[in-house]
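Fold and geometry: a report
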Amino acid sequence: MALPACAVRAFEPPRQPERGAPARTTCPRRHSRVEAELAASRPGSVAASVRADPPRGVSHGFHSRPLLDKPRKASSSLAGAACAPLFALLSRGRRRRMHVLRRRWDLGSLCRVLLTRGLAALGHSLKHVFGAIFSKIFGPLASVGNMDEKSNKLLLALVMLFLFAVIVLQYVCPGTECQLLRLQAFSSPVRDPYRSEDESSARFVPRYNFTRGDLLRKVDFDIKGDDLIVFLHIQKTGGTTFGRHLVRNIQLEQPCECRVGQKKCTCHRPGKRETWLFSRFSTGWSCGLHADWTELTSCVPSVVDGKRDARLRPSRWRIFQILDAASKDKRGSPNTNAGANSPSSTKTRNTSKSGKNFHYITILRDPVSRYLSEWRHVQRGATWKASLHVCDGRPPTSEELPSCYTGDDWSGCPLKEFMDCPYNLANNRQVRMLSDLTLVGCYNLSVMPEKQRNKVLLESAKSNLKHMAFFGLTEFQRKTQYLFEKTFNMNFISPFTQYNTTRASSVEINEEIQKRIEGLNFLDMELYSYAKDLFLQRYQFMRQKEHQEARRKRQEQRKFLKGRLLQTHFQSQGQGQSQNPNQNQSQNPNPNANQNLTQNLTQNLMQNLTQSSRQKENRESLKQNSGKEQNGNTSNGTNDYIGSVEKWR
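First things first, this report covers the structure right here in the doc. (Residues numbered from 1 in each chain as written. Predicted model: local features only at pLDDT ≥ 70, side-chain atom pairs only at ≥ 80, totals over all residues. Heavy atoms only, no water.)

**So, the overall build of the protein**
- Each helix and strand in the protein was counted, giving 23 helices and 6 strands.
- When the accessible surface of the protein is summed, it comes to about 41,200 Å², and 55% of that surface belongs to carbon and sulfur atoms. (Helix = DSSP H or I, 4+ residues; strand = E, 2+ residues; numbered from the N terminus. Areas by Shrake-Rupley, 256 points an atom, 1.4 Å probe, with all protein chains shown as cover.)

**Topic: a nonpolar patch on the surface**
- Together, Leu115, Leu119, Leu122, Leu126, Val129, Phe130 and Ile133 make up a nonpolar patch on the protein surface, roughly 640 Å² of accessible area in all.
- In this structure, Leu122 sits in helix H7 (residues 107–137).
- When its relative accessible area of 48% is taken as the criterion, Leu122 is described as partly exposed. (Patch = residues over 30% accessible without salt bridge, like charges linked within 9 Å, V, L, I, M, F, W, Y side chains within 5 Å. Salt bridge = Lys/Arg side-chain N within 4 Å of Asp/Glu carboxyl O. Buried < 20%, exposed > 50% of the residue type's maximum accessible area, 1.4 Å probe, protein only.)

**What about the pairing of strand E1 (residues 227–232)?**
- Most of E1 sits out of view: 6 of its 6 residues are buried.
- Neither face of E1 is exposed, since Asp227, Ile229 and Phe231 on one face and Leu228, Val230 and Leu232 on the opposite face are all buried.
- As paired elements, E1 and strand E5 (residues 357–364) share 6 bridges and run parallel to each other. Looking at the pairing, Val230 lines up with Tyr360 of E5.
- Bridging between E1 and strand E4 (residues 277–278) involves 2 bridges; their strand directions are parallel. (Pairing = 2+ DSSP bridges.)

**Here's the deal with empty space enclosed by the protein**
- One pass over the structure, following the stated rule, counts 6 cavities of 30 Å³ or more.
- In this structure, the second largest cavity spans a volume of roughly 110 Å³.
- Along the wall of the second largest cavity there are 13 residues; nearest its centre are Phe231, Arg280, Trp285, Ala291 and Leu296. (1 Å grid on protein atoms, 1.4 Å probe; cavity = no way out; pocket = protein on both sides within 12 Å on 5 of 7 lines; lining within 4 Å. Points joined across faces, edges and corners; volume = space filled by probe spheres on them.)

**Focus: the side chain of Thr297**
- Within the secondary structure layout, Thr297 lies in helix H11 (residues 293–306).
- According to the relative accessible area criterion, Thr297 is buried, its value standing at 17%.
- For Thr297, the side chain forms a polar contact with the main-chain oxygen of Trp293, separated by 2.8 Å. (Polar contact = N/O pair within 3.5 Å; in protein donor to acceptor, adjacent residues only side chain to side chain.)

**Digging into the environment of Asp227**
- Position of Asp227 relative to the elements: it lies in strand E1.
- Spatially, the C-alpha atom of Asp227 lies 4.8 Å from that of Asn357, the residues being 130 residues apart in sequence.
- Contacts of Asp227, omitting those with residues within four sequence positions, involve Asp220, Phe221, Asp222, Arg269, Trp276, Asn357 and His359.
- Side-chain polar atoms of Asp227 contact the side chain of Asn357, separated by 3.2 Å. (Contact = heavy atoms within 4.5 Å.)

**With respect to the pattern of salt bridges**
- If you walk through the whole model with that rule in mind, you get 12 salt bridges.
- The salt bridge partner of Arg429 is Glu374, with a shortest N-O separation of 2.7 Å. Of this pair, Arg429 sits in helix H16 (residues 429–434) while Glu374 sits in helix H14 (residues 367–379), and the two are 55 residues apart along the sequence. The pair Arg429 / Glu374 is uniform in exposure class, with both members buried.
- Taking the shortest distance from any N to any O, the salt bridge between Lys462 and Glu526 comes out at 3.6 Å. Here the residue Lys462 occupies a position in helix H17 (residues 450–467), and Glu526 occupies one in helix H20 (residues 522–578), the gap between them amounting to 64 residues.
- The exposure class assigned to Glu526 is partly exposed, which follows from its relative accessible area of 30%.

**Some details on the packing of aromatic side chains**
- Evaluated as defined, the whole model comprises 20 aromatic pairs.
- For the ring pair Tyr208 and Tyr530, a centre distance of 5.2 Å and an interplane angle of 75° mean the geometry is edge-to-face. In this pair, Tyr208 is assigned in the loop between helix H8 (147–172) and helix H9 (212–215) and Tyr530 in helix H20, connecting sequence segments 322 residues apart.
- Relative to Tyr360, the ring of Trp293 has its centre 5.1 Å away and its plane inclined at 50°; by these criteria the two rings are tilted. In this pair, Trp293 sits in helix H11 while Tyr360 sits in strand E5, placing the two residues 67 residues apart along the sequence.
- For Tyr360, a relative accessible area of 2% gives the class buried.
- Connected via pairs of aromatic rings, a cluster forms that spans Phe221, Phe231, Phe242, Trp276, Phe470, Phe484, Phe488, Phe492 and Phe496.
- Arg429 extends its terminal NZ or CZ atom over the ring of Trp384, reaching a point 5.6 Å from the ring centre.
- The aromatic ring of Tyr539 is capped on one face by Lys479, whose charged end is 5.2 Å from the ring centroid. (Phe/Tyr/Trp six-rings, centres within 6.5 Å; stacked < 30°, edge-to-face > 60°. Lys NZ or Arg CZ within 6 Å of the ring centre and 35° of its normal.)

**A short note on the side chain of Ser387**
- Inspection of the secondary structure puts Ser387 in the loop between H14 and helix H15 (415–420).
- The buried category is assigned to Ser387, whose relative accessible area is 11%.
- Among the polar contacts made by the side chain of Ser387, one reaches the main-chain carbonyl oxygen of Leu289 at a distance of 3.1 Å.

**Observations concerning the state of the cysteines**
- Applying the stated criterion across every chain yields a total of 5 disulfides.
- Each disulfide pairs two cysteine sulfurs, and for Cys391 the partner residue is Cys442, the sulfurs being separated by 1.9 Å. In this structure, the disulfide formed by Cys391 and Cys442 twists by about -75° around the S-S bond and is classed as left-handed. Highlighted residues: Cys391 in the loop between H14 and H15 and Cys442 in the loop between H16 and H17, separated in sequence by 51 residues. Accessibility classification places Cys391 together with Cys442 in one group, the buried group.
- With no disulfide of its own, Cys413 lies 9.3 Å from the sulfur of Cys404, the closest cysteine sulfur.
- Its relative accessible area of 2% is what places Cys413 among the buried residues. (Disulfide = S-S within 2.5 Å.)

**Concerning the sheet that holds E1**
- Spatially, 4 strands are ordered E4-E1-E5-E6 in an open sheet, and the strand pairing comes out parallel. In the strand order of this sheet, the two ends are held by E4 and strand E6 (470–473), each with one partner.
- Contacts from helix H18 (residues 477–488) reach E1, E5 and E6, with the element oriented near 170° to E6. (Axes fitted to C-alpha atoms, helices over the stretch in contact; angles between N-to-C directions.)

**Regarding the environment of Ser506**
- Note on placement: Ser506 falls in the loop between H18 and helix H19 (511–520).
- Each C-alpha atom of the pair Ser506 and Leu372 lies 9.7 Å from the other, and the pair is 134 residues apart in sequence.

See the structure below:
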């Protein structure tokens, strides 16, 4: 089967140019033009019969050969006669595009060409659109000069003017200092940094009724005097992070001195060698490792009154001696346990013999998360054996507080074994550390029934928490920062960070285990619900109070500005009337300046009242005259109306 001439010619080797044929030039357009002229000058060529005047840069056939090929002769050109009519049927522009695509089969160049042509077309269309808009807006200017040039120049001038105004406004009114012109109006509203940190709604329905005194926490903390902040650090509640904030991230006249490689910092009062903070990172574990409410309220006053040095860390024997003396004084007092929840007892606990005011603070956490975090910490080898658990002047015996493990630590224990231990101090730890254990016989479980003991512990923990100067929640870091700053009037340098991913959150438990953990910590669950409700109510109360104070300040500023304007107005009027002494003497024979000013004010008010009454009478007369004249002649009515208006003016 014979192949067509087009296919045969496609498989032929490249031919050498003939003698006398033009050599290949550097310009493809010039070479194509010369080749086309030579092919058209031959009498027997098909190209001459198909097209006498080919376009520049286009070959003579659909299957044209490379530039180094031999020019076609009359006999060989007849072989492509079957393909030439198909190419001749296409339009001139289509033939050129197909030839260019065949010779330059490059996807990158094709994309670049399409992109540049698309952008050019878009710019051309936008130019026409903006020109039409400006021709509609600035129609009277279209007749003067060339509209396209003027519209382009005007558009450029407006854009440059807007950018210049924005830059000037940023320099004149940076941030929110400018009250009249704010750039925030052009942008989206700024998100409240204190809103829904735990993915909950910002507004909640309160469950407990608290008084204004319970919600309002405003401590007049005198750092230069004798006030002392005592931090009650409960295990695995984020207390370490909050304690570092107190010594490293707070704005003070004399900041705490923290050295590299040391956990403790020196937090002295300005100009004194006394500390204003009693915590792990300032004074160390001066009352024992993770001392609870019972230990701190008995130990801190004795330590501060006995030794004024902030870097004192007494020995364990000294702690026992101090706590024993404090417990004897407590038992010797007539009202030892009476009024545990009364404000008077709280006041005596927060004040030492030397007159120092102790402001207790703490941090709470969700009981389930805290329990799982403590289990993971125990798995890594934590024991807290150094905790004293001193109550009523003595530590508990091994029968009162047995251990859950026999070795040196409880590392690697599974969760089931951790939950099965009935003497595990992780159960209801927050209630136990915040309550007064002397009310239930310390760690002796035989003093009262279990149900009554739990009730007394829970009520004591709630009362102590409510009367504390401040407490925060781990799940609300920014709100905790806000309430601390408003309570003590002390600001932090950098904002707190909310970490939603912790070791406890990485533990996957089913619903059954979660319910069991909640059952083991039922007192902590009740206390946390109470604390969360009180915390959020305090936050909302403080925010409302802040908004009210800001509104009151704005009203006072407006009143002040109005007074200044009235004062300047009256002064200008007084100066104008003082220039006419004869008129002032006739109107006011008394030379006293204050009396002249008051008389001038009354005269101005009377003149304004008379002018307003005259204007009302003129308006009513105009309405009556216009109604009467509508029934008469229209021309006379309009003339009379214009005349009355002129008279009224």
